[in-house]
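Examining the three-dimensional arrangement
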Amino acid sequence: MMMKKTNKLMSSSFLVSLSHFITGITCCPPASFQFHSHFLLFSTNKSNPNPKPHFPTHANLQQLLLEKSKTGFDKLDDALAVFDKMLHRKPLPSVFQFAQLLAALVKMKRYSVAVSVFKDMCVKGIHVDIVTFNTAINCFCHLNRVDYAFSLLAGTIKRGFHPDVVTYNTLIRGLISQDDPAEAQLLFTNLIRFKVIQPDVVTYNTIINGLCKRAHACTAVTLFRYMEKKGCKPNTVTYSTLIDCLCKLRLVDQALGLLHEMTKKGITPDVITYSSLIQGLCDFNRWQDVNQLLSEMNTRNISPDVHTFSILIDAYGKEGMINDAEDVIEFMIQSGQHPDVVTYNALMDGYCLRGEVDKALAVLETTMKRRGIVPDTLSYTILINGYCKKRKVDRAVDLFQQLPREGLTPTIETYNTILQGYFLMGRHVEARKFFKEKMMLNKALTLNNYTCSILLNGLCQNHFVVEALSFFDTMLSAGLIPNICIYGTLIDGLSKNGHLEKARSLFDNLPLKGLRPNVKTYTMMIQAYCHDGLFDEAKELFVSMEANDCFPNDVTYNVLIRGCFHNKKYKEAGVLIHEMRAHGFSSDASTASMFLDGLESKEQDPALLALQKEFLP
C-alpha cells in the first residue's frame, strides 16, 4: 500500500531514475554517480600495506562518534580511518554508530564521501535503517542530484522501510534548492492528499521558505493560515520567514502585525526576526519605529548581532547620517561585537555618498587593516564608484588595477563602474577601448543589461548612434535579451540624435518583443514628438498611456505642457496644469521658466496671461 501511495507522489521525471538501480543492491546509489573510489586506502605505513588495525575501546569509540557527529572531524582522513576501524570490529558497531559517522561527514560538508561510505555499508551487508537512508538522500540533495535522491526513496520502500516526515522534508527542500518549487508544492500537496505523512512544522517552513524566496507572499501566508487550521503550531522560524518576505516586499506594517501576533501567542522572536523588521523600517526612514524595536530587543535580552548593526550603519550612511553610523560601530565594539567587512563596506558607502571618498579610502587602508579585516571586491568597487562620481576616473582605474595584486577578481559591477566613469568624463575613446579590450575579450565576464545600457547611453550621448545600433544588433545576436530600460535608452538616444523614425519603430515594436512601455519610455517618446513639432502625435500618445495601464507622472505632464507652450497651445496647457495639480504634481523649474519667457515676448496671448496665477504668487 505504501509503495502505491509513493508512486502517485512522484512525477514521471523521477520515476525514470528508478531504472538506475543495481539488481540485488537496492539501497545503492546509481552506478553512474562518481564516488571517491580511493577512500578505503587509509594506511600510511608503506612498508606494511596490511597493518593490524588499532581498535579504540567501545567506550572511546562511542564518545568520539558522539562528539564528531556534532562538530565533524578536523580532517577527512581521520573520519575515513575511523570508518576503516569500525569495519574491522567484531562484532560490527551498531547502525546508530555508523549513522553518527555519516552525520560527521555531513557536518564537514563532504557529501559525496558520505554517499560513498553509505554505498560501502550496503555492499558489505551492514544493516542500514531509515536514518542512514535519510542521510544519504540529504547528501544527494546537497549535491544537486534530487533525481538520485528519489531513486533512493524507492530503494527504502523496496527494503521494507517506511519513509518518514524527515525523508519527505529533505526531498522537498532538495527540490526547492534546485529551483523546482512547482514540483516541491506538488509533492507536498500529494503527501497531504494521500495521507502518506502528517506534515510537521519543518515541512510547512520548508514550503513557506520556498514561496517567500520567490516573493509569493500571499500564497505563503495562505499556507501559514492553513497550517494553523490543521493544528500544526508555527514557530519562530515560520514567523521570521514570513516577516522577512513581507519586509522585502515593502509590506512593513503587515510584518509588524505578524510580530505582534507571534508575541501574543507566546512565540519568542529572535535576532533574525528583529533584523528583518529593522531593515524594512530603515528602508522607509521610520527611525522612531526602529528605536522602538531596538528598545524591545533590549527588554527581551535579545542582543543585536553584526548583521543587525550593519543594517543600521548602511541605513544611516544612505541618509547621510555618517556620524550616527560611526557611533553604531563604536557601540558595537564596546558591546563585544566585531565589525566585519560588510560593516565597513556600509560605512565606506556612506562616506562615498557624501562625496568624502578619501575618508572611505582611509577606512579601507587604515581602519580595516588595523583590525585585521581583509577588504573584498565590493570594498574596492564602492571606492571606484565614489571616485568616478567625483570625476577622478584615473584614481578609480588605479584601484581597479590594484584588485588582482590583492588577489581579488573584479566583478561585472566593477567593470560597469569604470565604463560609466569614462563616459561621465566625456572620455568616450577610452571608454570604448576599455569595453572592447577589457570587457568584450574577457571570456570569464558575463555582460548584463546594465552594461549594455551604459554603453548605449554613452555612445548616443557622444553621437555615435550608428555604433550604438551596431552594438545593439550584436547584443541580440549573442542571445542577450534586452529589457525595457535598454530599449528606453536606445529610443531616447535615437530621438535626440535626429533618428526619430527609428526610435518610433523601436517603440511601436515593443509589444512584439513581449515588453510593455513604462512611464519613462512613454515620456521619452512624447518629448521626442514635441521636440520635432509633432504635437498631435505627442497628445495622442499621452492619451493612450492610461488605456495601456501606464499613468503619466510629473515629468510626463511637464514635458507635454512645455510642448503646449512651444506650440502656443495655452488653453490645452491650462487644462493639463489643472489635471496635473489634481494628481498631486506641480510644475518644474523648466516649465515655469518657459512660461516666464512667454510673458516677456511681445505677443500677449490672453490664454497665456490667464495662466499667470498658476505660476506667479
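Just so it is clear, the structure is predicted and the values come from calculations on it, not from any experiment.

Quick look at the overall build of the protein now. Looking only at helices and strands, one finds 35 helices and zero strands in the protein. Out of the 617 residues belonging to the protein, those deemed buried represent 48%. When contacts within the protein are restricted to residue pairs at least 6 apart in sequence, long-range pairs at least 24 apart make up 62% of them. If you sum the accessible surface of the protein, you get close to 31700 Å²; carbon and sulfur atoms cover 53% of it.

Quick look at the packing of aromatic side chains now. Aromatic ring pairs: the centre-centre distance and the angle between the two ring planes describe each pair. Under the definition given, this model contains 19 aromatic pairs. Both rings, one in Phe565 and one in Phe595, keep their centres 6.2 Å apart while their planes meet at 40°; by these two values the pair is tilted. Pair noted here: Phe565 is in helix α31 (residues 554-566) and Phe595 is in helix α33 (residues 589-599), with a separation of 30 residues, a long-range link. On the accessibility criterion, Phe565 (7% relative accessible area) is buried. A relative accessible area of 0% means that Phe595 is categorised as buried.

By the secondary structure assignment, Thr132 is in helix α7 (residues 130-142). Among the polar contacts listed, one links the side chain of Thr132 to the backbone oxygen of Asp129, at a separation of 2.7 Å.

Turning our eyes to something else, we now look at the pattern of salt bridges. Overall, the coordinates contain 23 salt bridges when judged by the stated rule. One salt bridge connects Lys359 with Glu356, and the closest N-O pair in it is separated by 3.8 Å. When its relative accessible area of 21% is taken as the criterion, Glu356 is described as partly exposed. The partner of Lys539 in a salt bridge is Glu572, and the shortest N-O contact between them spans 3.2 Å. Residue Lys539 is located in helix α30 (residues 535-547), and its partner Glu572 is located in helix α32 (residues 570-582); the two are separated by 33 residues in the primary sequence. Here Lys539 falls in the partly exposed class, since its relative accessible area comes to 26%. Residues joined in a network through salt bridges with shared partners are Arg225, Glu228, Glu261 and Lys265.

Quick look at the packing of helix α12 (residues 217-229) against helix α13 (residues 236-248) now. Two numbers describe how α12 lies on α13: the axes approach to 10 Å, and their chain directions differ by 160°. It follows from the interaxial angle that α12 and α13 lie roughly antiparallel. Note on packing geometry: the crossing formed by α12 with α13 is left-handed. Where α12 abuts α13, its residues Ala217, Ala220, Val221, Phe224, Met227 and Glu228 lie against Thr238, Tyr239, Leu242, Cys245 and Leu246.

Compared with the 18 Å implied by 1.5 Å per residue over 13 residues, the 18 Å span of helix α23 (residues 412-424) between its first and last C-alpha is a close match. Most of α23 sits inside the fold, with 10 of its 13 residues counted as buried. Of all the residues in α23, the buried ones are Ile412, Thr414, Tyr415, Asn416, Thr417, Ile418, Leu419, Gly421, Tyr422 and Phe423. Turning to α23, the residues buried within the fold contact α21 (377-389), α22 (393-402), α24 (428-440) and α25 (449-461).

Bringing the confidence of the model for the protein into the picture now. It should be kept in mind that the predicted coordinates are not to be read in detail where pLDDT is low. In the predicted model, the protein carries a mean pLDDT of 89, and 90% of its residues have values of at least 70. Mean pLDDT across the elements of the protein ranges from a minimum in helix α2 (residues 12-15), with 36, to a maximum in α13, with 98. Every residue in residues 1-27 scores below 50 in pLDDT, and together they form 54 contacts with partners more than four places removed in sequence or on other chains. Within the model, the stretch residues 31-53 combines pLDDT values under 50 with 31 contacts to residues more than four positions away or in other chains.

This part takes up unusual backbone geometry. Following Lys90, the chain continues to Pro91 via a peptide bond in cis, the omega torsion being -5°. Following the sequence through the fold, Pro91 ends up in the loop between α4 (76-87) and α5 (95-107). Look at Asn144: it is not a glycine, yet its phi comes out positive at around 60°. Mapping Asn144 onto the fold places it in the loop between α7 and α8 (146-158). The partly exposed category is assigned to Asn144, whose relative accessible area is 45%. The phi torsion at Lys195 lies on the positive side, around 50°, for a residue other than glycine. For Lys195, the location among the structural elements is in the loop between α10 (181-193) and α11 (201-213).

Our next topic: the side chain of Ser240. For Ser240, the position within the fold is in helix α13. The residues touching Ser240, leaving out its near neighbours within four places in the chain, are Asp270 and Thr273.

On to the environment of Ile329. Relative to the elements of secondary structure, Ile329 occurs in helix α18 (residues 322-334). The sequence separation of Ile329 and Leu347 amounts to 18 residues, and the corresponding C-alpha distance is 9.0 Å.

Its place among the elements puts Thr591 in helix α33. Using a relative accessible area of 0% as the deciding quantity, one classes Thr591 as buried. In this structure the C-alpha to C-alpha distance between Thr591 and Leu560, which are 31 residues apart in sequence, comes to 9.7 Å. Reaching out from Thr591, the side chain makes a polar contact with the side chain of Arg562 at a distance of 3.1 Å.

Before going further, it helps to spend a moment on the nonpolar core. Counting residues in each nonpolar core, the largest one holds 190 residues, and the members touching the most others are Leu347, Leu419 and Ile526. Ranked by the residues each element gives to this core, the list is headed by helix α6 (residues 111-123), at eight residues. Discounting residues that sit within four places of it in the chain, Ile526 has contacts with Ala538, Leu541, Phe542, Met545, Thr556, Val559 and Leu560.

Contact geometry for α4 and α6: axes closest at 12 Å, N-to-C directions at 5°. As judged from the angle between their axes, α4 and α6 are roughly parallel. Along the contact surface, α4 presents Leu76, Leu80, Phe83 and Leu87, while α6 presents Val113, Val117, Asp120 and Met121. Looking at the contact of α4 with α6 residue by residue, the class counts come to seven nonpolar, no polar and one charged.

A word on a negative patch on the surface. A cluster of acidic side chains, namely Asp324, Glu326, Asp327 and Glu330, defines a negative patch on the protein surface. With respect to the helices and strands, Asp327 occurs in helix α18.

Reading guide: rules and limits
- Residues numbered from 1 in each chain as written.
- Predicted model: local features only at pLDDT ≥ 70, side-chain atom pairs only at ≥ 80, totals over all residues.
- Heavy atoms only, no water.
- Helix = DSSP H or I, 4+ residues; strand = E, 2+ residues; numbered from the N terminus.
- Buried < 20%, exposed > 50% of the residue type's maximum accessible area, 1.4 Å probe, protein only.
- Contact = heavy atoms within 4.5 Å.
- Areas by Shrake-Rupley, 256 points an atom, 1.4 Å probe, with all protein chains shown as cover.
- Phe/Tyr/Trp six-rings, centres within 6.5 Å; stacked < 30°, edge-to-face > 60°.
- Polar contact = N/O pair within 3.5 Å; in protein donor to acceptor, adjacent residues only side chain to side chain.
- Salt bridge = Lys/Arg side-chain N within 4 Å of Asp/Glu carboxyl O.
- Axes fitted to C-alpha atoms, helices over the stretch in contact; angles between N-to-C directions.
- Parallel < 35°, antiparallel > 145°, perpendicular 65-115°, else oblique.
- Left-handed = near helix turned anticlockwise from the far one by under 90°.
- Expected span 1.5 Å × (residues − 1).
- pLDDT = per-residue confidence, 0-100.
- Core = buried A, V, L, I, M, F, W, Y, C linked by side-chain atoms within 4.5 Å.
- Nonpolar A, V, L, I, M, F, W, Y, C, P; charged D, E, K, R; others polar.
- Patch = residues over 30% accessible without salt bridge, like charges linked within 9 Å, V, L, I, M, F, W, Y side chains within 5 Å.
- Lys, Arg positive; Asp, Glu negative; His and termini not counted.
- Charge placed at Lys NZ, Arg CZ, Asp CG, Glu CD.

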